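Below, each chain spelled out in residue letters.
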Amino acid sequence: MNTHPYLRAYLAGIFVTTLILPIILTVFIVVRLVLHLPVPIERGLIFPMALIPAGWGLWNMLWIASHERTHLAVGVHGAIFPFILLPIGATVAHCYGILSFGASSATWFQALQVPYALIVPLFCCGVAAYYLVWKYIIGSLNSVLGIA
Amino acid sequence: MNAHDEDRIKQLLQRALPPVNSGAEPSRDLWPALLRRVDAEPSAQLAALARSTPWFDWALLAGLVVFAVAFPATIPVFLYYL
């Protein structure tokens, strides 16, 4: 069971996102096309639908590759990932016009205004969520697949 | 190995191993106990996982739930960056 560890790491990494993102996509399509909400969701879907699953897989591959040297727990490794995702996601969202910056708040999807004071706690929640998901789900999958 | 050795080994084996009674049955019905074990395993595994989870992780989970309840408008933004 020691063959192709990076392939198994990639598959374990993309498991959560490929499971959840179709559900989120369904909700977005229902909100946009059925409920006719005037929010340009489809502009920014390239980030969560294309980049995030591959990113999770590659991040797990990086954990496998670096674990011998760093001895970093998989939860901590996952908690570092939002620090990379946030700037990329914000850049993509800004380029596609679904994120705009105002005087006191940032606006997502031309509808959701989040005050700047709330962005830091929101980011901390993201880090915490990533820590828990990577520790308990990705870590378990890595064990099941024999790479951790 | 001659016939004498074979007889000797046979005797030793018969002495070491108790005779197997092919018609023997367990003293009680084992099936209900097996069913109880099958039914109890998922909950027991969950209980073991809950016991082994450190308080820090529970606190993080509670913080996430409180934040989502307090600021529900941030949930789509959070899901976008998932």
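Scroll up a little and you will see the structure.
Keep in mind the model is a prediction, meaning the values are calculated, not measured. (Residues numbered from 1 in each chain as written. Chains lettered and ligands numbered in written order. Predicted model: local features only at pLDDT ≥ 70, side-chain atom pairs only at ≥ 80, totals over all residues. Heavy atoms only, no water.)

1. Some thoughts on the overall build of chain A
- On a plain count of helices and strands, chain A comes out with four helices and three strands.
- Scanning chain A from its N terminus toward the C terminus, one meets helices and strands in the order α-α-α-β-β-β-α.
- Seen through its C-alpha atoms, chain A measures out along the principal axes to roughly 50 × 35 × 25 Å.
- Per-residue burial for chain A yields a buried fraction of 43% across its 148 residues.
- At a minimum sequence separation of 6, the contacts of chain A that also span at least 24 residues come to 65%. (Helix = DSSP H or I, 4+ residues; strand = E, 2+ residues; numbered from the N terminus. Buried < 20%, exposed > 50% of the residue type's maximum accessible area, 1.4 Å probe, protein only. Contact = heavy atoms within 4.5 Å.)

2. Focus on the pairing of strand 3 (residues 112–115) of chain A
- Bridge count between strand 2 (residues 105–108) of chain A and strand 3 of chain A: four bridges; the pairing is antiparallel. Bridge assignment links T107 of chain A to a residue of strand 3 of chain A, and that residue is Q113 of chain A. (Pairing = 2+ DSSP bridges.)

3. Digging into the nonpolar core
- Judged by nonpolar contacts, the single largest core of 39 residues is most densely connected at F47, W56, L99, W108 and W134 of chain A together with Y80 and Y81 of chain B.
- If you list the elements that add at least two residues to this core, you get helix 1 (5–34), helix 2 (46–70), helix 3 (74–95), strand 2 and helix 4 (116–144) of chain A together with helix 3 (55–70) and helix 4 (74–80) of chain B.
- The element contributing the most residues to this core is helix 4 of chain A, with twelve residues.
- Look past the residues within four positions of F47 of chain A in its chain and what remains in contact with it is I52, L85, I88, G89 and V92 of chain A together with Y80 and Y81 of chain B. (Core = buried A, V, L, I, M, F, W, Y, C linked by side-chain atoms within 4.5 Å.)

4. Considerations on helix 3 of chain A
- Between its terminal C-alpha atoms helix 3 of chain A stretches 32 Å, which fits the 32 Å expected from 22 residues at 1.5 Å a residue.
- Along its length, helix 3 of chain A reaches its greatest deviation from straightness, about 30°, at L85 of chain A, and the proline P87 of chain A lies no more than four positions downstream. (Expected span 1.5 Å × (residues − 1). Bend = angle between axes of the 7 residues up to and from the residue.)

5. Observations concerning helix 3 of chain B
All names here are of chain B.
- Between its first and last C-alpha, helix 3 extends 22 Å over 16 residues, near the 22 Å set by a 1.5 Å rise per residue.
- For helix 3, every residue scored as buried is listed here: D57, L64 and F67. Buried residues in helix 3, looked at end-on, bunch into an arc of 85°, giving them a common side. Relative to its buried face, helix 3 has exposed residues pointing more than 90 degrees away, namely W55, V66 and V69. (Arc of directions from axis to C-beta.)

6. Thoughts on the interface of chain A and chain B
- Residue-level contacts link 31 residues of chain A with 18 residues of chain B.
- Together, the buried faces of chain A and chain B total about 2200 Å²; carbon and sulfur atoms form 81% of this surface.
- For the pair chain A and chain B, the number of links is one salt bridge.
- As a salt-bridge pair, K135 of chain A and D57 of chain B come within 2.7 Å of each other at their nearest N and O atoms.
- There are three residue pairs in polar contact (both at pLDDT 80 or more) connecting chain A and chain B.
- Residue assignment for the side of chain A that touches chain B shows that the elements contributing at least two residues are helix 1, helix 2, helix 3, strand 3 and helix 4 of chain A.
- The leading source of residues in the side of chain A that touches chain B is helix 4 of chain A, at twelve residues.
- Residue composition of the side of chain A that touches chain B, by class: 27 nonpolar, three polar and one charged. (Buried area = accessible area lost by both parts, 1.4 Å probe. Salt bridge = Lys/Arg side-chain N within 4 Å of Asp/Glu carboxyl O. Polar contact = N/O pair within 3.5 Å; in protein donor to acceptor, adjacent residues only side chain to side chain. Nonpolar A, V, L, I, M, F, W, Y, C, P; charged D, E, K, R; others polar.)

7. Points about the pairing of strand 2 of chain A
Residue and element names in this part refer to chain A.
- Because side chains alternate across strand 2, one face comprises the buried residues S105 and T107, and the other comprises A106 and W108, equally buried.
- Looking at chain direction, strand 1 (residues 99–101) and strand 2 are connected through three bridges and run antiparallel. Across the sheet, F101 pairs through a bridge with A106, a residue of strand 2.
- Linking strand 1 to strand 2, which pair antiparallel, is a turn of three residues.
- Between strand 2 and strand 3, which pair antiparallel and follow one another directly, the connecting turn spans three residues, one of which, F109, has a positive phi of 55°.

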